[in-house]
Amino acid sequence: MRTTQRLDKILAHMGIGSRTEIRKLAKSGAVTVNGRTARDSGLQVDPYNDRIEVRGNPVQYRKFVYIQLNKPQGVVSATEDNREKTVLDLLDRKLRAFEPFPVGRLDKDTEGLLLLTNDGKLAHELLSPRHHVPKTYFAEVDGPVGETEVKAFAGGLVLDDGYLTLPARLVVLGQGETPGTSRIELTLTEGKFHQVKRMFQAVGKRVLYLKRLSMGNLVLDRTLGPGEYRELTEQEVNGLLSSRS
Ligand code: URA
């Protein structure tokens with residue numbers, strides 16, 4: 001089936017420029033569709049089947065974008081904010097043109113894996129409480145953490161608002177860098193507000209450092225430094241789809 005859209009909409013989506021810029025670009029003769037100069041940016045084009053070129057460079061259309069960001073501390077997981085720097089501010093203009101949004105939230109002081117996409121259906125399914133998509137965190141916690149806590153987390157904990165969490169898998173890795181602290185990994189299958197911090201609070205401990213390592217089948221790329229990002233591979237996107245249980 002042939003599904004068409006305005007040429008300027010397609011090019012704006014692909015991050016080529018604003019609608020006004022694209023209108024000028026087309027007028028100047030820089031855009032071709034199936035080898036013919038397209039001076040009218042309102043031309044109806046099939047982005048999947050028509051061959052679009054800008055200054056001789058093919059435009060490979062795609063609807064969705066999937067990005068993994070190693071979120072640094074100090075930025076908020078929002079698309080816009082009047083005062084704070086957001087995770088969207090870290091992306092380049094081309095990726096921002098796809099209008100991605102963060103799938104769930106990490107606190108301002110939490111680091112690690114944040115998925116950004118414009119695929120609302122996938123985001124909804126990953127976040128849906130029905131699917132219990134596991135998320136694993138690394139944390140440094142004030143004080144000793146041992147078998148008592150492992151058992152308590154496995155049984156579910158009552159948070160400050162009376163909510164009983166689902167069972168969570170706590171693994172004690174050892175002592176933290178600072179004397180008297182512990183390093184742990186925690187896997188949750190739900191995502192309540194500040195859940196990791198509040199679960200430790202429920203056992204009288206404080207989280208000093210928090211980093212998300214994975215979400216479903218998607219694992220943080222260890223080569224990404226804080227603030228760095230990359231698009232997911234096709235395999236990673238397919239893996240995410242099968243993260244739902
Ligand atoms: N749990 C928290 O407490 N903070 C996060 O950012 C994520 C999970």
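Residues numbered from 1 in each chain as written. Predicted model: local features only at pLDDT ≥ 70, side-chain atom pairs only at ≥ 80, totals over all residues. Heavy atoms only, no water.

1. A word on the overall build of the protein
The test is simple: Only runs of H or I of at least four residues qualify as helices and only runs of E of at least two qualify as strands under DSSP, and these elements are numbered from the N terminus. Only the C-alpha atoms count toward the radius of gyration. The rule for a globule is 2.2 Å times the residue count to the power 0.38. Each residue is assigned to one of three classes by its accessible area relative to the maximum for its type, calculated with a 1.4 Å probe on protein chains only: buried under 20%, partly exposed between the two thresholds, exposed over 50%.
Looking only at helices and strands, the protein features seven helices and 15 strands. At 22 Å, the protein has a C-alpha radius of gyration far larger than the 18 Å of a compact globule built from 245 residues. C-alpha atoms of the protein, sized along the principal axes, occupy 70 × 35 × 30 Å. Evaluated residue by residue, the protein yields a buried proportion of 48% over its 245 residues.

2. Description of the site of the ligand
Heads up, the rule is: A single heavy atom is enough: if one lies within 4 Å of a molecule or strand, its residue is considered near that molecule or strand. Polar contact criterion, stated in full: a pair of N or O atoms within 3.5 Å, where within protein one must be able to donate a hydrogen and the other to accept it, and residues adjacent in sequence count only if both atoms are side-chain atoms. Domain delimitation follows an automatic or database domain assignment.
Around the ligand, the structure places Leu106, Asp107, Thr110, Tyr137, His194, Gln195, Val196, Lys197 and Leu210. Note that a nitrogen atom of the ligand is positioned 2.7 Å from one of the side-chain N or O atoms of Asp107. Interatomic distance of 3.1 Å between a backbone N/O atom of Val196 and a nitrogen atom of the ligand. No other element matches the three residues that helix H6 (residues 195-202) contributes to the shell around the ligand. When residues are assigned to domains, the shell around the ligand turns out to be shared by domain 2 (66-129 + 220-243) and domain 3 (134-215), each giving three or more.

3. Comments concerning the pattern of salt bridges
Rule in force here: Definition used for salt bridges: Asp or Glu carboxyl oxygen within 4 Å of a side-chain nitrogen of Lys or Arg.
By the definition in use, this model includes 14 salt bridges. A salt bridge links Arg19 to Asp8; its shortest N-O distance comes to 3.8 Å. Residue Arg19 is found in helix H2 (residues 19-27), and its partner Asp8 is found in helix H1 (residues 7-13); the two are separated by 11 residues along the sequence. Owing to a relative accessible area of 39%, Arg19 belongs among the partly exposed residues under this scheme. A relative accessible area of 4% places Asp8 in the buried class. Ionic pairing is found between Asp161 and Arg198, a salt bridge with its closest N-O pair at 3.0 Å. Within this pair, whereas Asp161 is found in the loop between helix H5 (147-155) and strand S11 (169-175), its partner Arg198 is found in helix H6, the two being separated by 37 residues in sequence.

4. What about the domain arrangement of the protein?
In many analyses, interface size is given as the accessible surface area lost on bringing the parts together. Spelled out, the test is: Contacts between residues were defined by any pair of non-hydrogen atoms, one from each residue, lying within 4.5 Å. Two parts lose some accessible area (1.4 Å probe) when they are put together, and adding that loss for both gives the buried area.
Domain boundaries assigned for the protein yield domain 1 (5-58), domain 2 (66-129 + 220-243) and domain 3 (134-215). Centre-to-centre separation of domain 1 and domain 2, based on C-alpha positions: 28 Å. Contacts between the two partners involve six residues from domain 1, matched on the other side by five residues from domain 2. Buried area between domain 1 and domain 2, both sides added, is near 430 Å², and the carbon and sulfur share of it is 51%. If you sort the residues of domain 1 by the area they bury against domain 2, His13, Met14 and Gly15 come out on top, with a joint share of 80%. Summed over the shared surface of domain 1 and domain 2, the number is zero residue pairs in polar contact (both at pLDDT 80 or more).

5. As for the sheet that holds strand S3 (residues 36-37)
Worth spelling out the cut-off: Should DSSP find at least two bridges between two strands, the strands are regarded as paired.
Taken in spatial order, the four strands make up an open sheet running S3-S2-S5-S6, and their pairing is antiparallel. Across the chains shown, the open sheet's two edge strands, defined by having one partner strand only, are S3 and strand S6 (57-58). Looking at chain direction, strand S2 (residues 31-33) and S3 are connected through two bridges and run antiparallel. Within S3, the position partnered with Thr32 by the bridge is Thr37.

6. Focus on the packing of aromatic side chains
The test is simple: Working definition: rings of Phe, Tyr and Trp (its six-membered ring) pair if their centres are within 6.5 Å, and the pair is stacked with planes under 30 degrees apart, edge-to-face with planes over 60 apart, and tilted otherwise. A ring has a charge above it when a Lys NZ or an Arg CZ is no more than 6 Å from the ring centre and no more than 35 degrees off the ring normal.
Using the criterion set out here, one finds four aromatic pairs in the structure. On the basis of an interplanar angle of 50° and a centroid distance of 4.8 Å, the ring pair of Phe153 and Phe200 is categorised as tilted. Here the residue Phe153 occupies a position in helix H5, and Phe200 occupies one in helix H6, the gap between them amounting to 47 residues. Judged by its relative accessible area of 0%, Phe153 is buried. A relative accessible area of 0% means that Phe200 is categorised as buried. Over the face of the ring belonging to Tyr163 we find Lys192, whose NZ or CZ atom lies 4.8 Å from the ring centre.

7. Examining the environment of Arg93
Assignment of secondary structure puts Arg93 in helix H3 (residues 93-96). Sequence separation of Arg93 and Arg2 is 91 residues, and the distance between their C-alpha atoms is 29 Å. Excluding anything up to four places from it in sequence, Arg93 contacts Gly15, Ile16 and Gly17.

8. Some thoughts on the nonpolar core
Defined as follows: Among the buried residues, those of types Ala, Val, Leu, Ile, Met, Phe, Trp, Tyr and Cys that are joined through side-chain atoms within 4.5 Å form a nonpolar core.
Counting residues in each nonpolar core, the largest one holds 47 residues, and the members touching the most others are Leu186 and Phe200. Judged by nonpolar contacts, the second largest core, of 14 residues, contains Val103, Leu115, Leu122 and Leu240.

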